[in-house]
Structure formats: structure tokens, C-alpha cells
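One letter stands for each residue in the lines below.
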Amino acid sequence: MKVLEALQKKQLLFDGAMGTQLQARGLPVGEHPEYFNLSHPEIVRAIHQDYVLAGADIITTNTFQANRTKLKADEIKPVIEKAVSIAKSAHPKYVAYDMGPIGQLLQPMGTLSFETAYDYFKEQAVLAEQAGADLIIFETMSDLLETKIGVLAVKENTNLPLFVTMTYQADGRTFVGTNPKTATLTLQNLGVDVIGVNCSLGPKELGPVVSEILTYAQIPVMVQANAGLPEMVAGESVYKITAEEYVAYSKQLLKQGVCVIGGCCGTTPAFIHGLRRAIDAQPMVRTAPRILTAVTSGLDTVEIGQGISLIGERINPTGKALLKQALRNNDLDYLLKEAVLQSEAGADILDVNVGLPEIDEPKMMVEAIKQIQSLINCPLQIDSSEVAALESGARYYNGVPLINSVNGKQKSLDQVLPIAAKYGAVILGLCIDESGIPETAVSRYEIAKKIVLEAQKYGIPKERVMIDPLVLTASAQQAQVAVTLETIRLVKTKLNCKTAVGLSNISFGLPNRDLMNGTFLAAAVGAGLDAPIMNPLSDYMMHIVRALKVISMQDVNATNYINNEQHSQFVVSDSRQQAQSNQSDEALDLKAMIIKGRKELTAKETERLLERLTPLEVVDSYFIPALNIVGQKFEAGELFLPQLMQSAEATKNAQTVLKAKMVQQGTIAESKGKILLCTVEGDIHDIGKNIVKMILENYGFEVIDLGKDASIEKVVETVIREDIQLIGLSALMTTTVQNMKRTIAAVRASGHRAQFMVGGAVLNEEYREFVGAEYYAKDAMASVEIANHFFAK
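Along each chain, residues carry numbers from 1 onward, in the same order as the chain's sequence is written. In keeping with the model being predicted, local features are shown solely for residues with a pLDDT of at least 70 and side-chain atom pairs are shown and tallied solely at 80 or more, while totals for entire chains, interfaces and linings include all residues. Excluding hydrogens and water, the side-chain figures rest on all heavy atoms present in the structure.

How do you make sense of the pattern of salt bridges when you look at a structure like this?
Oppositely charged side chains may form a pair once their charged atoms are brought near each other. Salt bridge, as used here: a side-chain nitrogen of Lys or Arg that lies within 4 Å of a carboxyl oxygen of Asp or Glu. What the rule picks out here adds up to 30 salt bridges. A salt bridge links D57 to R276; the nearest nitrogen and oxygen atoms lie 3.1 Å apart. Within this pair, whereas D57 is found in the loop between α4 (41-54) and β2 (58-60), its partner R276 is found in helix α11 (residues 269-281), the two being separated by 219 residues in sequence. On the basis of relative accessible area, D57 is assigned to the buried category, the value being 3%. We note a salt bridge from E717 to R721, for which the minimum N-O separation is 3.3 Å. With E717 and R721 both in helix α29 (residues 712-722) and four residues apart, this pair spans about one turn of that helix. What you see here is one network of salt bridges that share partners, running through D57, K93, R276 and D280. Put simply, DSSP marks the helices as runs of H or I at least four residues long and the strands as runs of E at least two long, and each gets a number from the N terminus on. Think of it in three bands: with a 1.4 Å probe and only protein chains considered, a residue is buried below 20% of the maximum accessible area for its type, exposed above 50%, and partly exposed in between.

Would you mind going over the packing of aromatic side chains with me for this structure?
Aromatic rings in a pair are described by how distant their centres are and how their planes are angled relative to each other. Only Phe, Tyr and Trp rings are paired, with Trp represented by its six-membered ring, and only when their centres lie within 6.5 Å; those with planes under 30 degrees apart are stacked, over 60 edge-to-face, the remainder tilted. Under the defined criterion, the tally for this structure stands at six aromatic pairs. On the basis of an interplanar angle of 50° and a centroid distance of 6.0 Å, the ring pair of F14 and F163 is categorised as tilted. On the criterion of sequence distance, the pair formed by F14 in the loop between β1 (12-13) and α2 (19-24) and F163 in strand β5 (residues 162-166) is long-range, its members being 149 residues apart. Note on F14: relative accessible area 0%, which makes it buried. Note on F163: relative accessible area 0%, which makes it buried. Considering the side-chain rings of F121 and F138, the 5.3 Å spacing of their centres and the 90° angle between planes classify their relative orientation as edge-to-face.

What exactly am I supposed to notice about the nonpolar core here?
Generally speaking, a soluble globular protein has its nonpolar side chains buried in company with each other. If you look at the biggest cluster of nonpolar residues, it comprises 162 residues, and the most contacted ones within it are Y97, L187, L327, L335, I372, I403 and L521. Broken down by element, this core gets its largest block of residues, eight residues, from helix α6 (residues 114-131). Apart from the residues within four sequence positions on either side, L335 is in contact with I315, L323, L327, V354, A368 and I372. As used here, the term nonpolar core means buried Ala, Val, Leu, Ile, Met, Phe, Trp, Tyr and Cys residues forming a set that is joined through side-chain atoms within 4.5 Å. If you look at the next biggest cluster of nonpolar residues, it comprises 46 residues, including F623, L677, I691 and A782. Here, two residues are considered to be in contact whenever any of their heavy atoms come within 4.5 Å of each other.

Would you mind showing me how to read the sheet that holds strand β23 (residues 726-730) here?
The strands that make up a sheet are held in pairs by hydrogen bonds between backbone atoms, and each pair lies either parallel or antiparallel. Strand pairing is assigned whenever DSSP identifies at least 2 bridges connecting the two strands. In spatial order, the strands read β22-β21-β23-β24-β25; together these five strands make up an open sheet with parallel pairing. Strands at the two margins of the open sheet, each flanked by one partner only, are β22 (702-705) and β25 (775-776). Under this scheme, a helix contributes an axis fitted over its contacting stretch, all axes are lines through C-alpha atoms, and angles between N-to-C directions fall in the 0 to 180 degree range. Packing against the sheet, helix α28 (residues 687-698) makes contact with β21 (674-679), β22, β23 and β24 (755-759), and its axis sits at approximately 165° to β21. In the packing of α29 onto the sheet, contacts are made with β21, β22 and β23, and the angle to β21 comes to roughly 170°.

Help me out: how do you make sense of the sheet that holds strand β17 (residues 426-430) in this one?
Within the closed barrel, the eight strands sit side by side as β13-β14-β15-β16-β17-β18-β19-β20. Their pairing is parallel. Between one strand axis and the next, the sheet turns through 30° on average, direction left out of account. Sheet topology note: the strand β19 (residues 498-502)/strand β20 (residues 531-534) ladder contains three bridges and is parallel. Its bridge partner being in β20, G502 is matched across the sheet by I533.

What should I look at first to understand the environment of G682 in this one?
Relative to the helices and strands, G682 resides in the loop between β21 and α28. Along the primary structure G682 and R753 are separated by 71 residues, whereas in three dimensions their C-alpha atoms are 25 Å apart. Apart from the residues within four sequence positions on either side, G682 is in contact with G30, D709, M733, T736 and N739.

Sorry, what's going on with the side chain of T736 here?
In this fold, T736 is placed in the loop between β23 and α30 (737-749). Within the local environment of T736, its side chain forms a polar contact with the side chain of D683, the two groups lying 2.8 Å apart. T736 has contacts with V29, V680, E681, G682, D683 and A731, leaving out every residue within four places of it along the chain. Between N or O atoms, a polar contact is any pair within 3.5 Å; within protein, one atom must be a potential hydrogen donor and the other a potential acceptor, and residues adjacent in sequence are included only when both atoms are from side chains.

In this structure, what is going on with helix α32 (residues 780-792)? I would like to understand it.
Owing to its 3.6 residues per turn, the α-helix brings residues three or four apart onto one side. The end-to-end C-alpha distance of α32 is 18 Å, a good match for the 18 Å that 13 residues give at a rise of 1.5 Å each. Every buried residue of α32 is accounted for by A780, M781, A782, S783, V784, I786, A787 and F790. Where α32 starts, the residue carrying a side-chain oxygen 3.2 Å from the main-chain nitrogen of M781 turns out to be D779. The span expected for a helix works out to 1.5 Å for each residue beyond the first.

Is there a simple way to explain the environment of M781 in this structure?
By secondary structure assignment, the location of M781 is in helix α32. As for M781 and I691, which are separated by 90 residues in sequence, their C-alpha atoms are 9.8 Å apart. Beyond its immediate chain neighbours, meaning those up to four positions away, M781 contacts L627, G631, F634, E635, L644, I695 and Y699.

Before we go on, may I ask you to explain the packing of α6 against helix α7 (residues 144-157) in this structure?
Between two packed helices, both the angle of their axes relative to each other and the distance between the axes serve to describe the pair. Look at α6 against α7: their axes get within 8 Å of each other, and the N-to-C directions meet at 45°. The orientation of α6 relative to α7 falls into the category oblique. Considering only the axes of α6 and α7, their crossing is right-handed. Facing α6, whose interface residues are F114, A117, Y118, F121, K122, A125, V126 and E129, α7 presents L145, E146, I149, G150, L152, A153, V154, E156 and N157. Our angle categories are set so that under 35 degrees counts as roughly parallel, over 145 as roughly antiparallel, 65 to 115 as roughly perpendicular, and the remainder as oblique. Rotating anticlockwise by less than a right angle from the far helix to the near helix defines a left-handed crossing, while the corresponding clockwise rotation defines a right-handed one.

Here you go:
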């Protein structure tokens, strides 16, 4: 019986930790666990056998980091083949090939490209299938786009079932900032077979995350928790949750509907044996997940149908000479400006149309999506009449996009629906077919019905189909206005599909267009419209939207309405809106540009400021206040890692201009202090350390970066040679915390009086005290606070 067939009948049990088991059996600190497949296969096999004897149904291969960033190219095939062979030799029911994150940040946050990441995942997946694995599991993923790339690599190159588990922090989001709802909706739309969570926390602490996943998951849910968080006992990292406690909390998860369970860091065969008994005593619980129409970004979700969801229309070259010219020049500044303005004005979703006949539209669509998603959290509507542009956009998009559009023509259905199905998109269907736009509501409804039925043939459920009844201009086809409204009613009542319309068509050729648009919007919402495609920079239209949200109970207690309307002036002026858009960048100062991450603007603005200010005045008046606000927003959970990195890049671009000016003047930039950073010996994880480096440099500190796996001798030598006063050490693994302690001891034994701040996924105040450091930095912004405090003394 294949694994997915078995899962239909009974819960499945994974094994427990591999890393901590290998460490207990002699894995040296800093050595890649994957090499033990070749050097000590008997140890790996014994661990697998212990888990099989404990009752595990599925054994996970010892291949978590068997990719080209961790192993040499010629080592990958033998490591993977041996790992699968060892696992199969333990005679489990199923062998899961284990893949973890690549270990580098994707562009634009980092340097790893989509294509390179895809190739790394593809290489492993193909080798795993050839070696005889029964399924593939992605574990400990935190970047939703990286996870999507991995999913595509597996599904496009193998026929193996795919399980995916993300890892969430105590705040309920991944390291990059994705919440469980967004990850669940995105990944199940992409066609993974099982979704869930692993690592980071114990089964009790993961309870809220698991509940949220179960609320939205229409596929089986799995959990592989840690045995709690490690604590220091007699100088050793110890997971203190007992097998009995772990099983007791896990039973609650099984009763909620979790149907695949196992263990992560710190769990042992005893934990798995206890889970085996729990599963055998617990019948499968069928869940009743919420069925909803939703689009997502890489971080958050917009649920359609919970009131008005506003789709911003302004990123469209039709009638916009400046945007057309910018696209021809491959200059996205204008486009990014429009994206930021619409998001700040209240748009929930942004339409993105870059269609010009003289440009490479698929390539431009990809670049536009990448740049917009790096700046704002709004989901996007990918809008094009070119099928290749829709596919390129959907492939590179982070999250669940809305595709605009498909229509009732069979050619359109045959071309566009496979794209929406493959990439998990929501599709917007237009009520037009080979005969044109029908003149009756019933005929338009029939086209909508055809689109829904055709979509179902591709596995696209009704909730992932939205319908646009089409709005015709009141000046030329006045009778058709009522037809559009009646079509909305029919689609909502008979098909139960969500609806969207382009509002501005109604007023074409008429004076006072906002008045006509606003009046039609009110009528359409009354008929059941969910998502108007409109201009959120129109003050008049936004007055109406805010009022409608009060009437529909979307704005509870009229809080948003009161905050925005009590001092407003109700004015209709299309020209004023255009002026607002054209002057928006001029209204931004350098401080606002840094806060908003407008990296394409900061260099030019810095040059302008330097015409009247000194470099130090620019830093004190703009850089530092802006970065402080960014830090406060990051700490408050108002922005996340992608936005933090964009602000850092915006600052970096400005600093380049500043440094050039100082060289021209013959002056030297004054450093706020010199800091040494490294990931300690034996630890090859450096994403967090690299982020800290960038942020510290933004604040004016000089950073000497020794990279990852920095030897104790090299640290001591550099500290003495450079006379370093503050040292930042990073470690991701509990096993390398001991090397952190040894590094600190060696520096102090040298007689140098430096102080230390430490950080990393496993670190906390208890570990800080154990290793002997003065400071614990929980994130990049905390490291800045520590450095400011230290050098101020």
C-alpha cells in the first residue's frame, strides 16, 4: 500500500530526531551529519532501526543539508544514494527523503536566485526518486518562496508524494514573517500532499500554530515538535520534556485532527514508542476546514468576501505616458511609486499590468512582481492578455496570486486554466465568449458557469474562481448597467462565487467621473460585489468605500471611518489625484525613503541633501532617525524581515553616495565602533549573522566579518591585531554552543579585554550566561542597541 493510500485509513507515525541521536553516538562538533552515511553507515542504520522498533511507519533519510551549499558537487549523489539505501535497510514501511532549506537568502533579500535554488532542489529530488525513496519531505522551512521553489522542483521532476513542514517562532510567524494561514493556503493550492509544522517549539507551545493550520488545511496535517527548548544543565544542552509529557500534549493534537506525527530535535525512540501507543488508541479525526476565497502575499492573506476588498488599478500603462516610458526604459521607479501609494491609500490587492507590445512582457512581469513584493505586503493581481506573461508571473510570485484573466472562449480556458491550476492561483473569469459580451444577465451567468465547470476539470475548486460580469460604459450602453448588476446577483446566489469589476469603465466619456464611479460602486456592492478594481488615490472614491464598510459592518464601530473622515473635505477632483501621484516622490524625504525601503530613490536624494548639508548632518538628521523607526516597527511586528532588508539596502545606497562625497572632500568617515562578527567554529549557518552585519553597517559601525565556521585561533588573532572591543558570535546548533564558550575563553586567555554579544536560533539568556558573554542579541535590531550602548560607554 502506498503512503497516501495508507494515510486515508490511519494516522502515520514519523521517526524522531536524527541530529541529536548522531551527536549522542559520536558525531564530531561541526561535521556535516550527511557524511556519516558514508563514514559510519552502521550508526545511521542503528538509529533508523531503533525508530522502526519503536513503531515508526516512516523513516527520514539523513540528508537534511545534502545540497550544493553544504556538500561538494561530486559528493551529493553518493551521499543521497547511501542515505536512502541505509534507511531502506532498516525495513520501515516507507522511506522519506529529507530536504531542508538551502541555507542562503533568496533574492532580493540575498543573492540566491530562483533558478539556482530550483536546480539545487531538483538535483536532490531526482536522485532521491532514483534511489528508491517513497516520498519527499521538506522540513524546517521558513521562506515561503523558497518552499514554493522546492515544491515546483519536486512536482515537475518526480512522481513522489510531497510532505511540507514550516517552522514557526514563538510569535506565530516564520523567521521571514509568514503566518500559518498564508503558508497553508499557498502550499495546499500548489498541490502538496501533507502540510504542517516542525521544530522550533514543543508540542504544547505549537498548539496555536497547529490550530490555525487545521482551520484552513483541506489536506492532512502533520506535526513534528521539538522536545521543548534546550536548556543548559551541567554545561550540556538538554531537552527537558520527557517522553510522557511529549505524548500527552501530542494526544491533544491528534484529537484536533493531526494525522501525521513524529518528533524533531531532542526526541528519541522512547518518544516515538509513546506516540505509537497514542496513535493506536486514537481513531482518525476528520476536520471541517474553512473553505474560502483568498489571495496571499508571501507574508499575509486577503480573504475575499469579508466585506469590500479593494483592488488598486493604477499599475497599468493604458493612458499613462510616464509608466509606458518607464517600462520601455526598464525603469521600475514609477511602478514602485504607484504600488506604495496605493497600498498606503488602502488597497488590499494591487493589479499589475506591464503590457506593451515593444517590450518583453513576461520578463518585465517577473521583475515587476519581484520588486513590488520586496516593498509591500499586498497580494497582487497578475494582469495580462499574454499567456506567457501570466505564466511567468505566476511562477515567480510568492504566495497565491489572482490571475486576470480567463474568459468563456475555449481557447482562453485551455491556455489559462492549466496555469492557475499548476501555480495555485485564484482566477478571474470574464463574462465574454466567442460571441462577445451577452446583452442579458442570464447569458453572462451561463458563461460564468461554464468557466467554473471548466476550472473544476483542472482541479480548481469553485472558491478559487472569481467572476467579472464586465462593466460597460453608461454613456454608450446605458441599459447594460442594470445587466451587470443583475449578473452580480446571479453569480453570487447561484454559483456562490466571489465577484470583481473594473469600476472606471462605467464613467468613460462622462463628466465628473468620480461621481458616476462612486454611485455605481454603491449599487454594485448592494448587488453583492466583493472586489472593486478602482483608483485608491481618489479621495472621493475612498470616502465612499469607508462609508460602505460602515454600512456593511466591515468597519466595526465606524472606527476607521471616524479616524479618516472627521476632518476630511469631501471633494471630487480627478486632476488633484493625478497631481498627488506625480508629486508623491518629491514629498518623500530621505528619512521616509529609508523607512519605506525605496532603495531606488535614496542615492539621488542623498546627493541633493549634500548640496546643503555635511555628511554627518545627513547621517544624524536622516539615517539614524529612519533606522530607529524601522527598528521599532520591526520589534512591534509591524514590518518583517523582507521590509527590514529593503530599508537596509536603501540606506546602503545612500551611504555609497555619502562615502564618495567624503573621499572627494578628503575626509574619512568616522566609525561608531569596530565590531568583529562570525559564526563559531563548527557551525556553517550564517544567514542571521549576515543580516546583523548589514544592519550594524547601516548604523555606522565598522564590521570585520570572519564568515562561518571561524576557527578559535582566527578569532583570537583578529581580535588582537585589530584591537576589537566588541565581538559578536553566532551559533545555530546546540552542539556548537560549546565552541562559542571556548572562543570566548580563548580570547580572554589572550589577555585582550573585549566583550561579547551572542545570538542565534538556539541562544537565550541562559546560554549567554553559560558561554560567558556580556550580551544576548535576540535579533539584528537588538545587536544595534547593544552596540550603541557599548560604544556610548
